[in-house]
Amino acid sequence: MADVECRMERRNRPGTKTIEYYCWPEELFEEMDSTLAVQQYIQQLIRKDFTAIDEILKAPDTQDEGVWKYEHLRQFCMELNGIAVKLQNECHPESCTQMTATDQWIFLCAAHKTPKECPAIDYTRHTLDGAACLLNSNKYFPSRISIKESSVAKLGSVCRRVYRIFSHAYFHHRNLFDEFENETFLCRRFTEFVTKYNLMSKEILIVPIFDEVDTSGFVGHVAESEA
Ligand SMILES: [Zn+2]
Ligand SMILES: [Zn+2]
């Protein structure tokens, strides 16, 4: 039996119990020899500790930066479907008639020939569908090994559009947002990601996700208080 290769299969087969999901040993990035290695590596880091944002966003030394950004954005879009599912229970077209965050912004849905004022939940679905279409498009992203600069340049606008899902949830469905954020740290990771790679400008990152963390223990001015 010595010549039988003992391979640890990394698959969740039909019938796998929840407790055994993803239950396989970690693998070194250098040893991942598949075209999906980067995605596999990112997902492994997230499963290991979803709160370790710096670790998750730290690219391996030899990693192509365009691919790294692309794979992270794919992962964000996949995980954002989780908040979309939660939103379906309480974000209705009758109550959230437009995609808004603060009063300052009404976001138009870019999924249509002419950008449209879709209700927030439709905006969410249309935008995630649109992002998935673009990121899977053969025209712009035919390979997951190397990506043209002109295609990498498209990632910023995807980031800007999907970020509005966070901001809507934060300003209009705060409990839902907090619950999701506690389970995933997704908005924190996303904010750190777009800042690190200059994919969005600071002024439009309106969810004060790090303020709350940063000011803990800081005894400064207590301006806001509610009776
Ligand atoms: Zn809503
Ligand atoms: Zn739409």
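Conventions used here
Here the residue index of a chain counts from 1 through its sequence in written order. Chain A is the first chain written and ligand 1 is the first ligand written, with later ones labelled in order. The predicted origin of the model limits local features to residues at a pLDDT of at least 70 and limits the giving and counting of side-chain atom pairs to 80 or more, whereas totals for whole chains, interfaces and linings rest on all residues. The basis for every side-chain value is the complete set of non-hydrogen atoms in the structure, without hydrogens or water. To get an axis, fit a line to the C-alpha atoms, keeping to the stretch in contact for a helix; angles then go from 0 to 180 degrees between the N-to-C directions. The helix and strand labels rest on DSSP assignments: H or I over at least four residues marks a helix, E over at least two residues marks a strand, and numbering proceeds from the N terminus. An angle below 35 degrees is treated as roughly parallel, one above 145 as roughly antiparallel, one from 65 to 115 as roughly perpendicular, and anything else as oblique. Crossing handedness is read from the near helix: turned anticlockwise from the far helix by less than a right angle, it gives a left-handed crossing, and turned clockwise, a right-handed one. Here, residues are in contact when the closest pair of their heavy atoms is within 4.5 Å. All amino acids are sorted into three groups, where Ala, Val, Leu, Ile, Met, Phe, Trp, Tyr, Cys and Pro are nonpolar, Asp, Glu, Lys and Arg are charged, and the leftover types, Gly among them, are polar. Only a pair of cysteine sulfur atoms within 2.5 Å qualifies as a disulfide here. Any N, O or S atom lying within 2.8 Å of the metal counts as a donor, and for Na, K and Ca the limit rises to 3.2 Å; water is left out, so some sites can look incomplete. Note on classification: 1.4 Å probe, protein chains only; a residue is buried when its accessible area is under 20% of the maximum for its type, exposed when over 50%, partly exposed between these limits. Donor angles set the geometry label: tetrahedral for four donors if every angle is between 85 and 135 degrees, square planar for four and octahedral for six if opposite donors exceed 155 degrees and the others are between 65 and 115, irregular for anything else. Only the six-membered ring of Trp is used, alongside the rings of Phe and Tyr, when aromatic pairs are assigned; centres must lie within 6.5 Å, and planes under 30 degrees apart are stacked while those over 60 apart are edge-to-face, with the rest tilted. Taking the helix axis as origin, the arc is that swept by the directions to the C-beta atoms. Summary of the metric used: pLDDT quantifies the predictor's per-residue confidence within the range 0 to 100. Salt bridge, as applied in this entry: a Lys or Arg side-chain nitrogen positioned within 4 Å of an Asp or Glu carboxyl oxygen.

Two numbers describe how helix 3 (residues 65-87) lies on helix 7 (residues 174-184): the axes approach to 10 Å, and their chain directions differ by 150 degrees. As summarised for this structure, helix 3 and helix 7 are arranged roughly antiparallel, according to the angle between their axes. For the pair helix 3 and helix 7, the sense of crossing is right-handed. Residues Glu79, Gly82, Ile83, Lys86 and Leu87 of helix 3 form the contact with helix 7, whose participating residues are Leu176, Glu179, Phe180 and Glu183. Among the residues making up the contact of helix 3 with helix 7, the classes are represented as 4 nonpolar, 1 polar and 4 charged.

The bond known as a disulfide is covalent and runs between the sulfur atoms of two cysteines. Across all of its chains, the model carries 0 disulfides by this definition. Between Cys159, a free cysteine, and Cys77, which holds the nearest cysteine sulfur, the sulfur-to-sulfur gap is 7.9 Å.

Before going further, it helps to examine the coordination of the zinc ion (ligand 1). Distances from the zinc ion (ligand 1) to its protein donors, Cys91 (SG), Cys96 (SG), His168 (NE2) and His173 (NE2), fall at 2.0 to 2.3 Å. Donor residues binding the zinc ion (ligand 1) come from one chain and are separated in sequence as C-x4-C-x71-H-x4-H. Pair noted here: Cys91 is in the loop between helix 3 and strand 1 (99-100) and His168 is in helix 6 (residues 155-172), with a separation of 77 residues, a long-range link. On the basis of relative accessibility, which here comes to 2%, the residue Cys91 falls in the buried class. Of the residues examined, His168 reaches a relative accessible area of 1% and is grouped as buried.

Turning next to helix 8 (residues 186-196). In terms of residue burial, helix 8 counts as a mostly covered element, since 8 of its 11 residues are buried. Positioned one or two residues after helix 8, Asn198 has a phi angle of 50 degrees, which is positive.

Further remarks concern the coordination of the zinc ion (ligand 2). Taken together, Cys109 (SG), His112 (NE2), Cys118 (SG) and His126 (ND1) make up the protein donors of the zinc ion (ligand 2), found 2.0 to 2.3 Å from the metal. For the zinc ion (ligand 2), the 4 donor atoms are set out with angles of 95 to 119 degrees between them, so the coordination reads as tetrahedral. Going along the chain, you hit the donors of the zinc ion (ligand 2) in the pattern C-x2-H-x5-C-x7-H. Here His126 lies in helix 4 (residues 120-135) and Cys109 lies in the loop between strand 2 (106-107) and helix 4, a separation of 17 residues in the sequence. Judged by its relative accessible area of 0%, Cys109 falls in the buried class.

Here we come to the packing of aromatic side chains. Applying the stated criterion across every chain yields a total of 15 aromatic pairs. Taken together, a centroid distance of 5.7 Å and an interplanar angle of 75 degrees make the contact between Phe50 and Phe185 edge-to-face. In this pair, Phe50 sits in the loop between helix 1 (37-48) and helix 2 (53-57) while Phe185 sits in the loop between helix 7 and helix 8, placing the two residues 135 residues apart along the sequence. We classify Phe50 as partly exposed; its relative accessible area is 27%.

The set of residues buried in helix 7 consists of Leu176, Phe177, Phe180, Glu181 and Thr184. Projection of helix 7 onto a plane perpendicular to its axis shows the buried side chains occupying an angular sector of 125 degrees, all on one side. Along helix 7, exposed side chains directed more than 90 degrees from the buried face belong to Asn175 and Asn182. Elements in contact with the buried residues of helix 7: helix 3, helix 6 and helix 8. One or two positions beyond helix 7, positive phi appears at Phe185, with a value near 60 degrees.

Further remarks concern the confidence of the model for the protein chain. The predicted structure's coordinates, where accompanied by low pLDDT, should not be read in detail. Averaged over all residues, the pLDDT of the protein chain is 89; the fraction at 70 or higher stands at 89%. Least confident of the elements in the protein chain is helix 9 (residues 211-214), whose mean pLDDT is 56; most confident is helix 8, at 98. Scored below 50 in pLDDT, residues 1-7 makes 0 contacts in the model with residues more than four places away or belonging to other chains. Confidence over residues 213-227 falls short of pLDDT 50; this stretch has 1 contact with residues more than four positions distant or in other chains.

Applying the stated criterion to the full structure yields 9 salt bridges. A salt bridge links Glu71 to Arg144; the nearest nitrogen and oxygen atoms lie 2.9 Å apart. Highlighted residues: Glu71 in helix 3 and Arg144 in the loop between helix 4 and helix 5 (149-152), separated in sequence by 73 residues. The partner of Arg189 in a salt bridge is Glu79, with the nearest N and O atoms 3.1 Å apart. Separated by 110 residues along the polypeptide, Arg189 in helix 8 and Glu79 in helix 3 bring together distant segments of the chain. The exposure classification of Arg189 matches that of Glu79, with both residues buried.

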